[in-house]
Amino acid sequence: PRYHAREVARKRLEIEGGLLLLGSATPSLESYYRAVSGQIGLLHLPERPGQARLPVIEVEDMRRIPYALTGRVLSPRLLDYIRTELACGRQCILFINRRGYSPHTICHSCGRALLCVNCSVSLSYHRQSDKIRCHYCGFTQKPPDVCPACGSSFLHRQGIGTERVEEEIRLLFPEARVERLDMDSSGKGRQQQILHQMATGEIDILIGTQMVAKGLNFPEVSLVGIIDADGLLNLPDFRAAERGFQLMVQAAGRAGRGGAAGKVLVQTVNPDHYAVQKAARQDFPGFFQEEMAWRQALHYPPYTRILRVVVSALDEGEAWELAQAVFYSIEEALDSSDDVPEVLGPAPCPLVRVRRRYRFQILVKSANILLLSSIGRYIINR
């Protein structure tokens, strides 16, 4: 849907004269900015229900793991923590925001990655089905024995996903009851079955993507491992740090909801990143201040609004020509405006090709939402 449920709720209650209550441990920066600037009310819930304590969050610098262990997904410290919790009869959750076994297959001879035929993304290897798959268009095929570009057989899989974590856990803890919860494993009612098993103590270690990070209440979970924090932060999006911080705090919140003290270990090769540091301290106000400082400097929301225009076509040249035509239309519309916004582009989208369509984008930045709306209507009418 091309709308945000929060904005629809706000507009409906504006019309009806009702009260909108937004609740979150990790509110969006736009909502929190409106609260601290007095546009909406702000209520604090500083304590957990039932006098439960917040978990202790530790950061593991994966650069310091000995070279001999770099083939492993889990650090020795995390493995020790898992052994301790299992020995005490408690449950563990391991969170990694990437499904499949390995997200990249690289040729060591020519350096090329196996790419989707329809999209400009790497094909992810899924060991359970022994297929490589595009997570954008669904293209699937058997993994080749040789590189399609140079014919070399030196193909190497890089990166980790939920299947890889599951494999290592089952190898190292054969006595543990292990399940995986992601889009590949949760079809046909399987998700509810896994969550029920977790709630009744029939699972010792649950491995998963965002499905295991949000809103679940399992009192016997005392340990959460965040396997690859860097995968949350290194995205071409100005909201990457915000979303990474939110997911780390949300995943950490699954630990220590019962009687036992909770513990969280964050694995990262960038332990000094402010989002990691603030998440480890569960310091939302501190993260808010640091993130907002650079957003203000670079003119990003909530200090401005962004109109994003995406042009796509099956032919790359046609898409580029249309994107340029849209750009000139925007300049033409702005000739009569006193408020001159910042116009960026046209430029390729971060994913330039999806489902065989080439994509280019134009960004228009302005604090004047009415101006951006009029530009949008002008483009549509043209």
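As the structure is a computational prediction, the values presented were derived from the model and not from experiment. The numbers attached to residues start from 1 for each chain and follow its sequence in the written order. It should be noted that, the model being predicted, local features are given only for residues of pLDDT at least 70 and side-chain atom pairs only at 80 or more, the latter also being counted only at that level, while totals for whole chains, interfaces and linings use all residues. For the side-chain quantities, the full set of heavy atoms in the structure was used; hydrogens and water were omitted.

Q: How should I be thinking about the environment of Asp 204 in this particular structure?
A: With respect to the helices and strands, the residue Asp 204 is situated in the loop between α5 (190–199) and β9 (205–208). For the pair Asp 204 and Ala 323, spaced 119 residues apart in the sequence, the C-alpha separation amounts to 52 Å. In this analysis, two residues are considered to be in contact whenever any of their non-hydrogen atoms come within 4.5 Å of each other. Dropping the residues within four chain positions of it, Asp 204 is found in contact with Leu 86, Arg 90, Gln 91, Cys 92, Ala 176 and Arg 177. Helix and strand assignments follow DSSP, with helices taken as H or I runs no shorter than four residues and strands as E runs no shorter than two, numbered in order from the N terminus.

Q: Any chance you could explain the packing of helix α7 (residues 240–252) against helix α9 (residues 284–297) here in plain terms?
A: Any two packed helices are characterised by how steeply their axes cross, that is the angle between the axes, and by the distance between the axes. Between α7 and α9, whose axes approach to 11 Å, the crossing angle comes to 170°. Between α7 and α9, the angle falls in the class roughly antiparallel. Taking contact as the criterion, the partners of Ala 241, Glu 242 and Phe 245 in α7 are, on α9, Phe 284, Phe 287, Glu 291 and Arg 295. Think of it as three bins: nonpolar holds Ala, Val, Leu, Ile, Met, Phe, Trp, Tyr, Cys and Pro, charged holds Asp, Glu, Lys and Arg, and polar takes everything else, Gly as well. Split into classes, the residues belonging to the contact of α7 with α9 amount to four nonpolar, no polar and three charged. Comment: axis = line fitted to C-alpha atoms, over the contacting stretch for helices; angle = value between 0 and 180 degrees taken between N-to-C directions. In what follows, roughly perpendicular refers to angles from 65 to 115 degrees, roughly parallel to angles under 35, roughly antiparallel to angles over 145, and oblique to any angle outside these ranges.

Q: Please clarify how the pairing of strand β14 (residues 357–366) should be interpreted in this entry.
A: Successive side chains on a regular strand alternate, one facing one side of the sheet and the next facing the other. Relative accessible area decides the class of each residue, using a 1.4 Å probe on protein chains only: under 20% of the type maximum gives buried, over 50% gives exposed, and in between gives partly exposed. Where burial is concerned, most of β14 is hidden: eight out of the ten residues are buried. Strand pairing is assigned whenever DSSP identifies at least 2 bridges connecting the two strands. Sheet analysis places strand β13 (residues 342–354) next to β14, joined by seven bridges and oriented antiparallel. Following the sheet pairing, Arg 353 is matched in β14 by Tyr 358. Linkage of β13 to β14, two consecutive antiparallel strands, is achieved through a turn of two residues, within which Arg 355 is found at a positive phi near 55°.

Q: Is there a simple way to explain the sheet that holds β13 in this structure?
A: Remark on secondary structure: sheet strands pair via backbone hydrogen bonds, oriented parallel or antiparallel. A sheet is described by the order of its strands in space; here three strands give the open sequence β12-β14-β13, paired in antiparallel fashion. Across the chains shown, the open sheet's two edge strands, defined by having one partner strand only, are β12 (305–313) and β13. Taken pair by pair, the neighbouring strands of this sheet meet at an average axis angle of 25°, ignoring direction. Seen against the sheet, helix α10 (residues 316–334) touches β12, β13 and β14 and runs at an angle of roughly 15° to β14.

Q: For this particular structure, what's the right way to read the packing of aromatic side chains?
A: Aromatic ring pairs: the centre-centre distance and the angle between the two ring planes describe each pair. Aromatic rings from Phe, Tyr and Trp, taking only the six-membered ring of Trp, are treated as a pair when their centres fall within 6.5 Å; an angle between ring planes under 30 degrees marks them as stacked, one over 60 as edge-to-face, and anything in between as tilted. What the rule picks out here adds up to twelve aromatic pairs. Here Phe 245 and Phe 287 contribute two aromatic rings whose centre-to-centre distance is 4.3 Å and whose plane-to-plane angle is 0°, an arrangement assigned as stacked. A residue pair is termed long-range when its members are at least 10 positions apart, and Phe 245 in helix α7 and Phe 287 in helix α9 qualify at 42 residues. An angle of 20° between the planes, with centres 5.8 Å apart, marks the rings of Tyr 274 and Phe 287 as stacked. Here Phe 287 lies in helix α9 and Tyr 274 lies in helix α8 (residues 274–280), a separation of 13 residues in the sequence. Phe 287 shares its class with Tyr 274; the two are buried. These aromatic residues form a ring-pair network of at least three members: Tyr 32, Phe 245, Tyr 274, Phe 284, Phe 287 and Phe 288. Note that Lys 365 overlies the ring of Tyr 300, its terminal NZ or CZ placed 3.9 Å from the centroid. When the NZ atom of lysine or the CZ atom of arginine is within 6 Å of a ring's centre and also within 35 degrees of its normal, the charge is said to sit over that ring.

Q: Just checking my understanding: could you explain the environment of Arg 353 for this structure?
A: As for its position among the elements, Arg 353 is in strand β13. When the C-alpha atoms of Arg 353 and Leu 155 are compared, they prove to be 24 Å apart, with 198 residues separating the residues in sequence. Discounting chain neighbours no more than four positions away, the residues touching Arg 353 are Val 117, Asn 118, Cys 119, Ser 120 and Tyr 358.

Q: Sorry, what's going on with α9 here?
A: Each α-helix winds once per 3.6 residues, and so residues spaced three or four apart point in a common direction. By definition here, a helix of n residues has an expected span of 1.5 Å times n minus one. When the terminal C-alpha atoms of α9 are compared, their 20 Å separation across 14 residues agrees well with the 20 Å that a helix rising 1.5 Å per residue should span. Buried residues along α9 sit in contact with α2 (29–36), α7 and α8. Here α9 starts with a cap whose side-chain oxygen sits 2.8 Å from the backbone nitrogen of Gly 286, and that cap is Asp 283. For the purposes of these results, a polar contact is taken to be a pair of N or O atoms within 3.5 Å, where, inside protein, one atom must be able to donate a hydrogen and its partner to accept one; residues adjacent in sequence count only when each atom of the pair is a side-chain atom.

Q: I keep staring at the sheet that holds strand β10 (residues 221–226) and nothing clicks. Help me out?
A: Across the sheet, which stays open at both edges, the six strands sit in the order β1-β11-β10-β2-β9-β8 with parallel pairing between neighbours. What marks the edges here is a single partner per strand, and that holds for β1 (56–61) and β8 (178–181). The average angle at which neighbouring strand axes cross in this sheet is 20°, direction not considered. Of the pairings in the sheet, the one linking β8 to β9 comprises four bridges and is parallel in character. Counterpart to Leu 181 in the pairing with β9 is Gly 208. Along the sheet face, helix α4 (residues 162–172) touches β2 (91–95), β8 and β9 and points at about 175° away from the line of β8. Sitting on the sheet, α7 is in contact with β1, β2, β10 and β11 (263–268), with an inclination near 155° to β10.

Q: Looking at this structure, I do not really get the nonpolar core. What am I missing?
A: General note: in soluble globular proteins, nonpolar side chains tend to be found buried as a group. Throughout, nonpolar core names a set of buried Ala, Val, Leu, Ile, Met, Phe, Trp, Tyr and Cys residues whose side chains join them through atoms within 4.5 Å. If you look at the biggest cluster of nonpolar residues, it comprises 40 residues, and the most contacted ones within it are Ile 93, Phe 95, Leu 206, Val 224, Ile 226, Met 248 and Val 264. Setting aside anything within four residues of it in sequence, one finds Val 264 in contact with Pro 55, Val 56, Ile 57, Glu 58, Val 224, Ile 226, Ala 252 and Ala 255. Listed in part, the 21 residues of the second largest apolar core include Leu 94, Val 165, Ala 176 and Ile 207.

Q: Got a minute to help me understand helix α3 (residues 76–87) in this structure?
A: Along its twelve residues, α3 runs 17 Å from first to last C-alpha, staying within 8% of the 16 Å computed at 1.5 Å per residue. Regarding α3, the residues found buried are Leu 78, Leu 79, Tyr 81, Ile 82, Glu 85 and Leu 86. Taken around the axis of α3, the buried residues stretch over an arc of 160°, which confines them to a single face. Positive phi appears at Gly 89, one or two residues downstream of α3, with a value of about 80°. Regarding the arc, it is the one traced by the directions from the helix axis to the C-beta atoms.

Q: What is the right way to look at the pattern of salt bridges in this model?
A: Side chains bearing opposite charge may pair, as long as their charged atoms lie close to each other. Think of a salt bridge as a Lys or Arg side-chain nitrogen and an Asp or Glu carboxyl oxygen that are within 4 Å of each other. Under the criterion given, the structure shown has 24 salt bridges. Arg 77 serves as the salt-bridge partner of Glu 58, at 2.6 Å between the closest nitrogen and oxygen. Here Glu 58, found in strand β1, pairs with Arg 77, found in helix α3; they are 19 residues apart in sequence, far enough to count as distant. Relative accessible area serves as the criterion here: at 28%, Arg 77 is assigned to the partly exposed category. With a shortest N-O distance of 2.9 Å, Glu 179 and Arg 190 are connected by a salt bridge.

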